[in-house]
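What follows is each chain in one-letter form.
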Amino acid sequence: MASYLSPSPSHFSTTSRLLSRRPSLSPSPSSLVLLPPTLCQRINGGRYLLKDAILLRAEDKARNSSSPFQDVDPTSGECDPICSVDETSSSDTEAGYQPKTDLLKALAILLAALTGTAAINHSFVAANQNLAMVLLFGIGYAGIIFEESLAFNKSGVGLLMAVGLWVIRSIGAPSTEVVITELEHATAEVSQIVFFLLGAMTIVEIVDAHQGFKLVTENITTRKPRTLLWVVGFVTFFLSSILDNLTSTIVMVSLLRKLVPPSEYRKLLGAVIVIAANAGGAWTPIGDVTTTMLWIHGQISTFPTMKDLLIPSAVSLAVPLALLSLTSEVNGKEQQSASVLASEQMAPRGQLVFAVGIGALIFVPVFKGLTGLPPYMGMLLGLGVLWLVTDAIHYGESERQRLKVPQALSRIDTQGALFFLGILLSVSSLEAAGILRELANYLDAHIGNTELIASAIGVASAIIDNVPLVAATMGMYDLSSYPKDSEFWQLIAFCAGTGGSMLIIGSAAGVAFMGMEKVDFFWYLRKVSGFAFAGYAAGIAAYLAIHNLNISLPTTLANVPFLSG
């Protein structure tokens, strides 16, 4: 949930942003961070984990940092942990090169060629459509998971997989007209998510360019270890409810590096940020890409989701916070306070841009409730307003072109949006062929318990990308099986959003933290995974307890259009 671009010896792209949530043990489909495989950390004798390459994104953040503090790292004259890796990239590439990569790529190309050859055989595909589609999806998904080893960008693999699956569907369908109708329906649904994400990424990029998040980070001044643990956790929790978890993590971890010197305590604070970023995105329709998907497609609505998931999400954060508060790293001697030093000024009229940008994001559910139009229309409305505002306030300022929307559009993660397009079109082809319905019937027959199914999806999301997991679930079960705002859909939103905290590679937030703070996979597994799992289980228990109490919507709130929609 990581992509690879051929590295220049002196520079790597730093423009990726992630709104989806999940890298797997090998880089998995929703890490939208661009990195070369040689900047990964080796564990278990051969497998690589995403680590230092997240610095590429973090470096860009650091150069335009919104934090009011300077680094407190004690070493002078050395490269800061968030600085450029350009100087060592060339030597790392040479040292990390392994001939087996060429063999893996050759095998991958051979498998793709064989799959293409089979697809040409119309009689075989027509007679075995489901088998052919499952095989192609499996090969494509493996290419996405092992993109670091194969050096194939996952966005390209996803697009090829989507087109290939729909070609097979066209061969096995009763008629071309049926396939065209299915494809048009799928494209209409998928494009809503893509437009929504493009608008949201651009708004966040504009606010960040104006250092708007400085308004948040500069107000955290406490140095008491236990107090800081809870403050950082809940600030991240609420910040992530309106931003993507990668942006929230980079902003908050950058703040930590100004407040706390390198220590075990700072690592624990970073782990809290990961847990809080994932929990914060689960209880609002715009907080995480999976909840956004469920919201846009009508499985959940605004106020019932916020009402029913706020407490479980807060519990999934509060339990790890309470347990971590008892550890020796937090209860030890008073942490050394860092000097608070001035940094560069906020960009001109940055407060105005922050207010307009955050207001635009919050207004999206209101717009949907008032007009009944899809959420992406509200997001495009907000982007249009912010576009005109930045044009007006920077009129005639040629030196500040980077603060305008056209420049921001060149920095957002377009390839990430194309990846979502490929994945969602691929899953929609399986839905059109009836494969997902057959899988749902199998799960109902052999498991049946909806709570167990949703919980299992959350655990799987710590390893596998949660976007295709949720997309597949939406294809397996329709609104006739589980109505809007039912327990099943809300549990899917919660579990897919918070499950990734159990492993450091389970979310984009975890990958960012791993790279920025040089945290080891097994350190997180030993020190944090147990606490994160306890929070995950407690959150599910809290949801089931609240749901079984049959708490109904207050009449005055249930009738408010933008909350009930």
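Thresholds, definitions, all that
Residues numbered from 1 in each chain as written. Predicted model: local features only at pLDDT ≥ 70, side-chain atom pairs only at ≥ 80, totals over all residues. Heavy atoms only, no water. Helix = DSSP H or I, 4+ residues; strand = E, 2+ residues; numbered from the N terminus. Buried < 20%, exposed > 50% of the residue type's maximum accessible area, 1.4 Å probe, protein only. Core = buried A, V, L, I, M, F, W, Y, C linked by side-chain atoms within 4.5 Å. Contact = heavy atoms within 4.5 Å. Patch = residues over 30% accessible without salt bridge, like charges linked within 9 Å, V, L, I, M, F, W, Y side chains within 5 Å. Areas by Shrake-Rupley, 256 points an atom, 1.4 Å probe, with all protein chains shown as cover. Salt bridge = Lys/Arg side-chain N within 4 Å of Asp/Glu carboxyl O. pLDDT = per-residue confidence, 0-100. Phe/Tyr/Trp six-rings, centres within 6.5 Å; stacked < 30°, edge-to-face > 60°. Lys NZ or Arg CZ within 6 Å of the ring centre and 35° of its normal. Axes fitted to C-alpha atoms, helices over the stretch in contact; angles between N-to-C directions. Parallel < 35°, antiparallel > 145°, perpendicular 65-115°, else oblique. Left-handed = near helix turned anticlockwise from the far one by under 90°. Nonpolar A, V, L, I, M, F, W, Y, C, P; charged D, E, K, R; others polar. Polar contact = N/O pair within 3.5 Å; in protein donor to acceptor, adjacent residues only side chain to side chain. Expected span 1.5 Å × (residues − 1).

Draft legend 1. Structural view of the overall build of the chain. When helices and strands are counted, the chain shows 28 helices and 2 strands. A total of 565 residues make up the chain; the buried ones form 58% of that total.

Draft legend 2. Fine view of the nonpolar core. Within the largest apolar cluster, 139 residues are counted, with the highest numbers of intra-cluster contacts made by Phe 196, Met 293, Tyr 477 and Tyr 524. Per-element tally for this core: the top contributor is helix 8 (residues 176-209), with 13 residues. Those residues within four positions of Tyr 524 in sequence are excluded, and the remaining contacts are Ala 271, Val 274, Ile 275, Ser 501, Met 502, Leu 503, Ile 504, Phe 513 and Ser 529.

Draft legend 3. Examining a nonpolar patch on the surface more closely. Together, Phe 195, Leu 373, Met 377 and Leu 380 make up a nonpolar patch on the protein surface, roughly 320 Å² of accessible area in all. By relative accessible area, which is 33% here, Met 377 ends up partly exposed.

Draft legend 4. Summary view of the side chain of Arg 169. Positionally, Arg 169 belongs in helix 7 (residues 154-172). Those residues in contact with Arg 169 that lie beyond four places of it in its chain are Gln 129, Met 133, Val 179, Glu 182, Ala 432 and Ala 433.

Draft legend 5. Highlighting the pattern of salt bridges. Within this structure, the stated rule accounts for 6 salt bridges. Two residues, Arg 169 and Glu 182, come together in a salt bridge whose shortest N-O distance is 2.9 Å. Placement of Arg 169 in helix 7 and of Glu 182 in helix 8 is noted, with a sequence separation of 13 residues between them. Residue classification places Glu 182 among the buried residues on the basis of a relative accessible area of 19%. Of the charged contacts in the structure, one is a salt bridge between Arg 266 and Glu 517, with a shortest N-O distance of 2.8 Å. In this pair, Arg 266 sits in helix 12 (residues 264-280) while Glu 517 sits in helix 24 (residues 508-517), placing the two residues 251 residues apart along the sequence.

Draft legend 6. Representation of unusual backbone geometry. Backbone geometry places Gln 211, a non-glycine residue, at a positive phi of 55°. Residue placement: Gln 211 occurs in the loop between helix 8 and helix 9 (214-217). Of note in this structure, Asp 485 is not a glycine but carries a positive phi near 65°. Looking at where Asp 485 falls in the secondary structure, it is placed in the loop between helix 22 (466-476) and helix 23 (487-498).

Draft legend 7. Local environment of the confidence of the model for the chain. Mean pLDDT for the chain: 75, with 73% of residues reaching 70 or above. For residues 1-97, every residue scores under 50 in pLDDT, and the model assigns this stretch 318 contacts once sequence neighbours within four places are set aside.

Draft legend 8. Examining the packing of aromatic side chains more closely. Under the definition given, this model contains 15 aromatic pairs. Taken together, a centroid distance of 5.9 Å and an interplanar angle of 65° make the contact between Phe 234 and Phe 237 edge-to-face. Here the residue Phe 234 and the residue Phe 237 both occupy positions in helix 10 (residues 225-240), the gap between them amounting to 3 residues, near one helical turn. Measuring from centroid to centroid gives 5.9 Å for Phe 237 and Trp 283, while their planes differ by 10°, and the two rings are stacked. Remark: Trp 283 occurs in the loop between helix 12 and helix 13 (289-296) and Phe 237 occurs in helix 10; sequence separation between them is 46 residues. Members of the aromatic cluster, each reached through a chain of ring pairs, are Trp 230, Phe 234, Phe 237, Phe 238 and Trp 283. The side chain of Lys 154 reaches across the aromatic face of Phe 419, ending 5.4 Å from its centre. Cation over ring: Lys 267 sits above Trp 523, and NZ or CZ is 5.7 Å from the ring centre.

Draft legend 9. Spatial organisation of the environment of Glu 189. Here Glu 189 is to be found in helix 8. By relative accessible area, Glu 189 is classed as partly exposed at 26%. With 235 residues separating them in the primary sequence, Glu 189 and Leu 424 have C-alpha atoms 9.2 Å apart.

Draft legend 10. Structural detail: the packing of helix 16 (residues 350-371) against helix 17 (residues 375-393). Where helix 16 contacts helix 17, the two axes come as close as 8 Å, and the packing angle between them is 160°. Relative to helix 17, helix 16 is oriented roughly antiparallel. Pair helix 16 / helix 17 crosses with right-handed handedness. Along the contact surface, helix 16 presents Leu 352, Val 353, Val 356, Gly 357, Ala 360, Leu 361, Phe 363, Val 364, Phe 367 and Lys 368, while helix 17 presents Pro 375, Met 377, Gly 378, Met 379, Leu 381, Gly 382, Val 385, Leu 386, Val 389, Thr 390 and Ile 393. Considering only residue class, the contact of helix 16 with helix 17 consists of 16 nonpolar, 4 polar and 1 charged.

Draft legend 11. Up close: the side chain of Gln 490. Relative to the helices and strands, Gln 490 is located in helix 23. A distance of 3.1 Å separates the side chain of Gln 490 from the side chain of Asp 308, its partner in a polar contact. Not counting the four nearest positions on each side in its chain, Gln 490 is found in contact with Ile 300, Pro 304, Thr 305, Asp 308, Leu 309, Asp 485 and Tyr 543.

Draft legend 12. Spatial organisation of helix 5 (residues 129-145). Compared with an ideal rise of 1.5 Å per residue, which puts 17 residues at 24 Å, helix 5 spans 24 Å between its outermost C-alpha atoms and is within 8% of the ideal. By the burial criterion, the buried members of helix 5 are Gln 129, Ala 132, Met 133, Leu 136, Phe 137, Gly 140, Tyr 141, Gly 143, Ile 144 and Ile 145.

Draft legend 13. Representation of the packing of helix 8 against helix 13 within the structure. Here helix 8 crosses helix 13 at 135°, and the two axes come no closer than 10 Å. Comparing their axes, helix 13 and helix 8 come out oblique. In terms of crossing hand, the pair formed by helix 8 and helix 13 is right-handed. Where helix 8 approaches helix 13, its residues Gln 192, Ile 193, Phe 196 and Leu 197 are matched on the opposing element by Val 289, Thr 292, Met 293, Trp 295 and Ile 296.

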